[in-house]
Structures are given as structure tokens and as C-alpha cells.
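Now for the letters of each chain:
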Number of protein chains: 2
Amino acid sequence: MAFCHVDHELAPVRRVAIFGGTHGNELSGVLLVKHWLENSAEIQRVGMVVKPFLTNPRAVQKCARYIDCDLNRVFDTEHLSEQETEDMLYEVKRAQKINSIFGPKGSDDAFDLIFDLHNTTSNMGSTLILEDLNDDFTVQMFHYIKLALSPASCPVLLIDHSNLKYATTRSVAKHSVGVEVGPQSHGVVRADILDNMRRIIKHGLDFVELFNSGKEFPPCSIEVYKIQEKVDYPRNEAGEIVAFVHHHLQDQDWQALKPGDPVFLDLDGNVIVYDGDYTVYPTFVNEAAYYEKKQAFIKTVKVTLTAKCIRSSVLNQE
Amino acid sequence: MAFCHVDHELAPVRRVAIFGGTHGNELSGVLLVKHWLENSAEIQRVGMVVKPFLTNPRAVQKCARYIDCDLNRVFDTEHLSEQETEDMLYEVKRAQKINSIFGPKGSDDAFDLIFDLHNTTSNMGSTLILEDLNDDFTVQMFHYIKLALSPASCPVLLIDHSNLKYATTRSVAKHSVGVEVGPQSHGVVRADILDNMRRIIKHGLDFVELFNSGKEFPPCSIEVYKIQEKVDYPRNEAGEIVAFVHHHLQDQDWQALKPGDPVFLDLDGNVIVYDGDYTVYPTFVNEAAYYEKKQAFIKTVKVTLTAKCIRSSVLNQE
């Protein structure tokens, strides 16, 4: 039996947060976090503190994605260090507040792990979002969750990209997990989608508990979908959409899109095909919130990630 | 062969409008109406004028249901006769404008027929909404559309009810047709849903053309779902939802709900069952826009409507 080299020992993961309501109309996370704020027995584990937290309460109150701007895009140095003024955007204020509670981002004082709960109108199923391909701890956790949910599918989206990566709310922590479950209309709670999200959190917390208890996780590999490019809807000069997602692509998140396959359709029946020269795997297909971001879907490619053996550097003594 | 009694002759239907964007984030109608404003060949028919019209352009621009209040609830005498003031609600202003173009509601000058195009997040399929059970012309049209779409289903919701009927935008016309197609997330265009809506309009206009041409429509019967009661989500004292639609009811619009069947589920796993004493047929199940209206679904009962034989009182001479 192989043992982890001492170099692969990682700090234990003691302080964990679960964020809901980063987008106020993505209701599975809002309901789960509100529930856990009342009764947290379900999310407590030995050797760690797990804090449920509503990140954008005014947007939740209004059942809107955001009040002034997207909270999940403002955790960069510029916004986090912006001087407070009277007309500061609400979400920038919230970002600074969240950074002061769970960060500071990039510091030793930051929380060890944040799960951020999202919904999508796209047919993405139970998706995990990975920010850093070198984060062995999180890759090991995703491997664990995927196995636990099997044979149900649990795709991993890797957003590690020179200019498409965005400054997420969860990026405040040392390890960050995006949980993206769909399809669900914004402003709606579906029992099945809520249940799928809840399972992910259960298995994720179980993994952390095992890790803290000293369990060694041998090297593993997972298949991930690496973000490559975003694709906008065809628009006219006024910026209005003139073609929409073709029914052959609708709901086909994570399925192969080959050169020549239909992508868009206009009202006169004209079809626009995928003119790339290799197969890609679209996701976030026809997500409601991304019309304003000029994004009909994102192209991804399949990549295999390998994580080293990991174990906790300190056995759980609490 | 039986002929229509002269009493069943109805005025020809010359002036027809198709409304889109009454709710600015219900995009099938918005896209279709914008398309027909550019190119109306598809909706023109002999002997009639068909006018596509965007009813709530500011809400469309913002991709929101409405700006100040629900446009589809303010076509009552009180709002339509409200004195214009500076702080008048935007939708009340629009209602008066629409009433001046297509009405006045209840007058001889009003348009003969308005189709109003809506989407729902509920799994209602291609639904027609009937306001007046004595409107033989519209019942005959629905019978025609149902046959034309067969074997696909096309349920009819009858909202003729002493206190649940609401003052719709389309009620300005002598005959009004609500078209409600789902499931589709608000703020999203799905090719399949748009296509289903387009088929309804095609067959509806074909019917009017046939009617105006002098074709006689013999007596017919259709099954409709008559609105009976609305049901809210279970809420706590603060008004927050504490249980959501049970997965056995989710997506089951138009399916029998029997006494004792599960309806709601809370986060502790408690089930709330339907405690009525007869079978009902829920619809608008878990519609996003109805959370604020305190409505988880509406109960309907099945009723058979019969329309008399109809024919146009004037043969088409245009």
C-alpha cells in the first residue's frame, strides 16, 4: 500500500461556509440556507464549524438576481478595496462585508472552504464548478462526490481560464466549490432540484470530515469540462436577438456538438451551424441570466485532471 | 344537413390584434410580435386586418414582467377611467393607451378579436384561455384549434369565475383569446415553445378566415378546465414560504389530484396532502410569477361546453 508523501499533507479544513442567495432568485440555495440558519444539525460535522450564510439578502427579499450588479463578479482587488461612498453599489458593499467576515481573500485568516449554491435554467444537472485545477483538495472532494452520487451524473466545470474566469463570491475562501443545479426557472423552487443540491452538500461535508479525521485519499483522476469560449446569440444592429438556440442544442448541455451541427435558428427558419473544426461540449445552454451577459452558451472541452494523494497534516483532536 | 338558424349569425371578425409582451419577460410572444411587425405576411388573411402589437414595451426592454404593476390585471373600469396624473403607474397609462387603440372596451368600436401571447414556467403545454363560456365564436375557434393540433394536447382553461376572473389586456376586444405556452423560464426563448405558440396563431387565424368566408360551423362541444380556487404555498408568520410543491405534483398540470395525494413538502420532509373531498385538476403549478400573487397552483374541474352552430352574418366581400 502506498502512503502519501509528507509533501502532500494539507492543512485541515476547519472553517466552512455554505452560501445561498448570491443570486437572490436562485431559490434552492436560499431555502436550504434559511433552513440551516434555523436548524443546522444536518450540516454539522465533527472537527469543523459550518456556517450557513445568505450573501445577498436584499436581492433575496426582492427575488431578483441582484440589486445593482452581479455579486458573483465583484470579488476582485479593485472592488474589494474600493473606498466606501454613498453611491457605492449595494453588491460591492456586500462583497466587502463578506470579505471581512470570511476573508480577507488570499490571506491565512480566510475561511478554509466555501460552497456557493446556484441554480440554472439550463439542463446542466448537478454540476460542480472548479476554479483552480491545481487545488488537489477540491479535486479530491469532487472525485468523492461524483462517486457518492454515481450512477447519477455530476459534471465538473473548470473555469480556470486567462480571461473567462470571474471573481466569484466563494473565491474568498482557500478552497471554493460552486454548486450549480438545474434546470430550474429562477424564482421557483423545485423539490427534485433542491434534493439534488442537498445531496451534494451532504457528500461534500462528509468528505471534509473524513479528511479532517486523518483519512488518506490516494491519487485520483476526474474528467472535467474546461471552459474555452463563450458564444453570444446572433443579434441585429440594435443589439436585439434575431435567432435563438436550435432545438437540437436546447437541453443538450454536456453533449458533443460537432462541426456542422445546428446551433441557432431564426424566425424565418434559417439555421446557423457550429462552424468550429473540432467537437466541443456546450453548457449553460440558454441560461436566462446570461442573455444580458451576451452568452447563449459556453464551449468546453473534456480534460482529465489528476490530483495527488492528500491527507490532513493534523489529526482531528477536537 | 342542418343549417344554422339565422339567430346564430354573428358579425364577421374583421379587426384582429395579436399582443406580445404583456409580460415583458415572456419571450415567445415578444419575439413573434417583433418578427411580425417587420414582416406580417405569415399572419395576414383574406377579409381581415391583423395587427401585431407590443403591449408593454418598457417591460420588454427591461425583460421584466412589468414596471409598476401587472398590465394583465388593470383593464377594469376603475383603472381605464383613472385621471392621468404625474405619478400614474406606467401600466395603467399603457392600459388606457391600449384601450384607446383597440377599444374602447365594451363598445362597438372595439377590435373584434385579440390574441394575447403568454408563457409560463408551469408544465401547461399549449393552453388556450377562455374568458366567457357563452362566447360561441371563441368556443368554436378553440374546438377548431384543438382538432388542428390533435393528437397533440391543447387544454382550455376557463377563467369565468365570480371573483377569480381578472381584467385582462385582451378583454378590450369583443372576443379574447389567451395563449399560454410552457414550460419555459421567463427571460428565455425555447425553439419548441415558440413553435407551439406559432401553430396556435396559425390555426386561430385560419379559423377566422374560414368564418369570414361564410363557412358554417355546426354545434360542437369541448372539454374545458374551469377555474375553481387558488391555493397558496404554506407560509410562516413573516410570509415566507415554508413548504414547496411536492415532486408528485410538480409538472403534473391538468392531471387528476385526488383527496390524500401529496401537494407540498417542507425541508424536514413533512408532506401536506390535498384534503379536499373530490378530484381536481391543478394548473399553473409552481408558476414563478405567481409566488408574489400567493398562488402555488389553481384547482380546476372538468366541464363540457357546447357552442351553438355559427356562421358569419355577412359574406366576405373584401
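Residue numbers restart at each chain and count upward from 1, following the sequence in its written direction. The naming scheme follows written order: chains are lettered A onward, ligands numbered 1 onward. Under the rules for a predicted model, residues below a pLDDT of 70 receive no local features and side-chain atom pairs below 80 are neither given nor counted, while totals for whole chains, interfaces and linings still include all residues. Just so you know, side-chain values use all the structure's heavy atoms and leave hydrogens and water out.

Draft legend 1. Representation of the pattern of salt bridges within the structure. In what follows, salt bridge is the name for a side-chain nitrogen of Lys or Arg lying within 4 Å of a carboxyl oxygen of Asp or Glu. Applying the stated criterion to the full structure yields 36 salt bridges over all chains. A salt bridge links Arg 45 of chain A to Asp 206 of chain A; the shortest N-O distance between them is 2.9 Å. Taken together, the residues span a long stretch of sequence, with Arg 45 of chain A in the loop between α1 (27-38) and β3 (49-54) and Asp 206 of chain A in helix α6 (residues 191-212) at a distance of 161 residues. Throughout, exposure labels follow a simple rule: accessible area from a 1.4 Å probe, protein chains only, divided by the maximum for the residue type, with under 20% read as buried, over 50% as exposed, and the rest as partly exposed. Overall, the relative accessible area of 14% leaves Arg 45 of chain A in the buried class. Here Asp 70 of chain B and Arg 73 of chain B are joined by a salt bridge, their closest N and O atoms 3.9 Å apart. Salt bridges sharing common partners tie together Glu 26, Arg 65, Asp 70, Arg 73 and Lys 293 of chain A. Working definition: helices are DSSP H or I runs of at least four residues, strands are E runs of at least two. Numbering for both runs from the N terminus.

Draft legend 2. The arrangement of the sheet that holds strand β11 (residues 271-273) of chain B in detail. Residue and element names in this part refer to chain B. Note: two strands are recorded as paired if DSSP finds a minimum of 2 bridges between them. Taken together, 3 strands build an open sheet; the order of strands is β9-β10-β11 and the sheet is antiparallel. Across the chains shown, the open sheet's two edge strands, defined by having one partner strand only, are β9 (243-245) and β11. Sheet twist, expressed as the average angle between the axes of neighbouring strands with direction ignored, equals 30 degrees. The sheet contact formed by β9 and strand β10 (residues 262-266) spans 3 bridges and is antiparallel. Within the sheet, the bridge partner assigned to Phe 244 lies in β10 and is Leu 265. Lines fitted to C-alpha atoms define the axes, with helix axes restricted to the stretch in contact, and inter-axis angles between N-to-C directions lie between 0 and 180 degrees.

Draft legend 3. Broad picture of the interface of chain A and chain B. In this description, contact between two residues means that some pair of their heavy atoms is separated by no more than 4.5 Å. Counting residues at the interface gives 29 residues for chain A, matched by 29 residues for chain B. Of the roughly 2,300 Å² buried at the junction of chain A and chain B (both faces included), carbon and sulfur atoms supply 59%. Summed over both partners, the accessible surface that disappears when two parts come together, traced with a 1.4 Å probe, is what is meant by buried area. Among the residues chain A hides against chain B, the three largest losses belong to Ala 191, Phe 244 and Leu 267 of chain A. Together they make up 25% of the total. At the junction of chain A and chain B, the tally comes to 4 salt bridges. Between Asp 251 of chain B and Arg 190 of chain A there is a salt bridge; the shortest N-O distance is 2.7 Å. What qualifies as a polar contact is a pair of N or O atoms within 3.5 Å, subject to a donor-acceptor requirement within protein and to the restriction that residues adjacent in sequence count only when both atoms come from side chains. Put simply, chain A and chain B have 11 residue pairs in polar contact (both at pLDDT 80 or more) between them. Residue assignment for the side of chain A that touches chain B shows that the elements contributing at least two residues are α1, α6 and β9 (243-245) of chain A.

Draft legend 4. How the structure looks around the relation of the copies chain A and chain B. The copies were overlaid with a least-squares fit restricted to C-alpha atoms from residues scoring a pLDDT of at least 70 in each copy. Mapping chain A onto chain B leaves a residual RMSD of 0.0 Å; the transformation is a rotation of 180 degrees accompanied by 0.0 Å of translation along its axis. The two molecules are tied by a two-fold rotation axis, judged by turn and shift. Distance from the rotation axis, computed per C-alpha, reaches its smallest value in chain A at Ser 185 of chain A: 2.5 Å. The residues that chain A uses at the interface reappear at the interface of chain B in 100% of cases, marking a shared surface.

Draft legend 5. Inspection of the UniProt feature "active site" (unreviewed entry) in chain A at higher detail. Residues and elements named next belong to chain A. UniProt positions are given in the numbering used here, feature names are shortened, and annotations may be inferred rather than shown by experiment. As recorded in UniProt, the feature "active site" (unreviewed entry) lies at Glu 180. Along the chain, Glu 180 turns up in strand β7 (residues 175-181). Overall, Glu 180 belongs to the buried group, its relative accessible area being 7%. Among residues more than four places away in sequence, those in contact with Glu 180 are His 118, Asn 119, Thr 120, Met 124, Gly 125, Ser 126, Thr 127, Ile 129 and Phe 284.

Draft legend 6. Molecular detail of the packing of aromatic side chains. Residue and element names in this part refer to chain A. Each pair of aromatic rings taken from Phe, Tyr and Trp, with Trp reduced to its six-membered ring, is defined by centres within 6.5 Å and is described as stacked if the planes are under 30 degrees apart, edge-to-face if over 60, and tilted in the remaining cases. Scanning the entire structure with this criterion turns up 28 aromatic pairs over all chains. Seen from their ring centres, Tyr 233 and Phe 264 are 6.1 Å apart, and the 50 degrees between their planes marks the pair as tilted. Residue Tyr 233 is located in the loop between β8 (220-231) and β9, and its partner Phe 264 is located in strand β10 (residues 262-266); the two are separated by 31 residues in the primary sequence. Residues Tyr 233 and Phe 264 agree in their burial class; the two are buried. Members of the aromatic cluster, joined through ring pairs, are Phe 137, Tyr 144, Phe 207, Phe 211 and Phe 217. Distance and angle both matter: a charge sits over a ring if NZ of Lys or CZ of Arg is within 6 Å of the ring centre and within 35 degrees of the ring normal. Directly above the ring of Tyr 90 sits Arg 58, whose terminal nitrogen or CZ lies 4.7 Å from the centroid. Directly above the ring of Phe 217 sits Lys 215, whose terminal nitrogen or CZ lies 5.3 Å from the centroid.

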